[in-house]
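Examination of the molecular architecture
Take a look at the letters that make up each chain.
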Amino acid sequence: MSHNERDDSDLIAAFVARKDEAAFRALYRRYTPRLYAIALRLCGGRSADAEDVLQETWIRAARLMHGYRGESSLRTWLTGIALHCIQEMRRRSGREEPLAPPQEPVHAGAPSIDIDRCLARLPEGYRAVLTLHELEGHTHEEIGEMLGIEPGTSKSQLSRARAAMRALLEGGRA
Amino acid sequence: MNPLEPDDWTDREREVFRALPRELNPLPTLENRVVSELRREGLLRGSSFLIPWWAAAAAVLLVSSFVWWMRRPQIDAPQYSILLYGSPGYAPGSSADQQQRFETLRVWSQKLDEQGVLVTSMPLEAKGSIFTNDSAGPVEGSGPWPLRGLFLVRAKTPEEARALAAECPFRTSGGSVVLQAVGGGR
């Protein structure tokens, strides 16, 4: 059986017990595209920042993997680590993107590019809950755990994020 | 007034969200960056079946050197000719037999080349021209023992040269294989 066909628990066991590089690479290749998409959106489309986040995420995950007990899915666990890395990066850089209406029509080009452009203009908290809930399908309980907030807070943040998103989209149509 | 509640998406908005890619790929170099860092921290030992590039390069170099050494031309060794004569017992055989014999000799020639002892080899046509002092012109023929082919090889000792000549497959045709050292100290 190739590493690509083995399930997560086998690969984690091989990595933890034997520091198996092939097992680690299989996990990396399985989850990185999803994690990178999240990181890129939460970093406002800055690919260099998203790659730094990914690198730090995997390094921390490797250090902590022996303690992973499978209470949440590996994807959720890794996403939580990535979110912490993003928060730390923001704290270090003091970077904060303001909420500002887009200057060009947002529906003029490919839909995915337009919506990503609008996402990048949202405040970070809104962007996070919108990405995690609407795109990643996480529950408010999971989001609350990952972001260190109450599920109710996640819910209200999402409501405000949707309104802000709609305002941006409609502003672009004007 | 917007008839929609903030929590509701329009069909168009839902469609746009659904169309967003859930997976994106970073630069391929990121994987090796991560793996290098983990190796540095001692969190990865390296796969049992992934050979480091420098080890693979060293192995290739070692094998290449060995092959070259085994096949190296013996440029300082004396030269010997191995001459293939159609002596009285020689049976040319059918065209197919001759083709088979040619192929056998070609394979033997290739083997000598791989051993690094072959200087040159060539087949010769059965008929030629004989030149003598007492005739007005050349006479068509090939002499008492027509020469059918020749090999020029290098060997460190006469014994080594004899061993090479003894292996020549031309003998199976009934012909003679004659070994002679090249004169003049070559």
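All values reported here derive from a predicted model rather than from experimental measurement.

Thresholds applied
- Residues numbered from 1 in each chain as written.
- Chains lettered and ligands numbered in written order.
- Predicted model: local features only at pLDDT ≥ 70, side-chain atom pairs only at ≥ 80, totals over all residues.
- Heavy atoms only, no water.
- Helix = DSSP H or I, 4+ residues; strand = E, 2+ residues; numbered from the N terminus.
- Buried < 20%, exposed > 50% of the residue type's maximum accessible area, 1.4 Å probe, protein only.
- Contact = heavy atoms within 4.5 Å.
- Areas by Shrake-Rupley, 256 points an atom, 1.4 Å probe, with all protein chains shown as cover.
- pLDDT = per-residue confidence, 0-100.
- Phe/Tyr/Trp six-rings, centres within 6.5 Å; stacked < 30°, edge-to-face > 60°.
- Arc of directions from axis to C-beta.

Observations concerning the overall build of chain A
- Across its full length, chain A holds eight helices and zero strands.
- Sequence-ordered secondary structure for chain A, helices as α and strands as β, is α-α-α-α-α-α-α-α.
- Across the 174 residues of chain A, 53% fall into the buried class.
- Excluding contacts between residues fewer than 6 apart, the proportion of contacts in chain A whose partners are at least 24 apart in sequence is 59%.
- Accessible surface, chain A: about 7700 Å² in total, of which carbon and sulfur atoms supply 51%.

Things to note about the overall build of chain B
- Tallying secondary structure elements over chain B gives five helices and six strands in all.
- Beginning at the N terminus, the succession of helices and strands in chain B can be written as α-α-α-β-α-β-β-β-β-α-β.
- Out of the 186 residues in chain B, the part that is buried amounts to 28%.
- Carbon and sulfur atoms provide 59% of the accessible area of chain B, an area that totals close to 12500 Å².

Points about the confidence of the model for chain B
- Chain-level pLDDT for chain B is 82 on average; 87% of the residues reach the 70-or-more range.
- Here residues 1-5 of chain B scores under 50 on pLDDT; set against residues more than four positions off or in separate chains, the count is five contacts.

Focus on the confidence of the model for chain A
Residue and element names in this part refer to chain A.
- Per-residue confidence for chain A gives a mean pLDDT of 84; residues scoring 70 or more make up 84%.
- Considering each helix and strand of chain A separately, the mean pLDDT is smallest for helix α5 (residues 111-121), with a value of 74, and largest for helix α3 (residues 47-64), with 95.
- Every residue in residues 98-110 is under pLDDT 50, and counting partners more than four places away or in other chains gives 30 contacts.

Concerning the packing of aromatic side chains
Residues and elements named next belong to chain A.
- Under the counting rule described, the total for this entry stands at seven aromatic pairs over all chains.
- With a centroid separation of 5.5 Å and an interplanar angle of 40°, the aromatic rings of Y28 and W58 are classed as tilted. Within this pair, whereas Y28 is found in helix α2 (residues 21-42), its partner W58 is found in helix α3, the two being separated by 30 residues in sequence. In terms of burial, Y28 and W58 fall into one category: buried.
- Connected via pairs of aromatic rings, a cluster forms that spans F15, F24, Y28 and W58.

Quick word on helix α5 (residues 158-166) of chain B
Residue and element names in this part refer to chain B.
- For α5, the set of buried residues is A161, L164 and A165. All buried residues of α5 project into a common sector of 95° when viewed along the axis, lining one side.
- Taken together, the buried residues of α5 touch β1 (79-85), α4 (95-115), β5 (147-154) and β6 (176-181).

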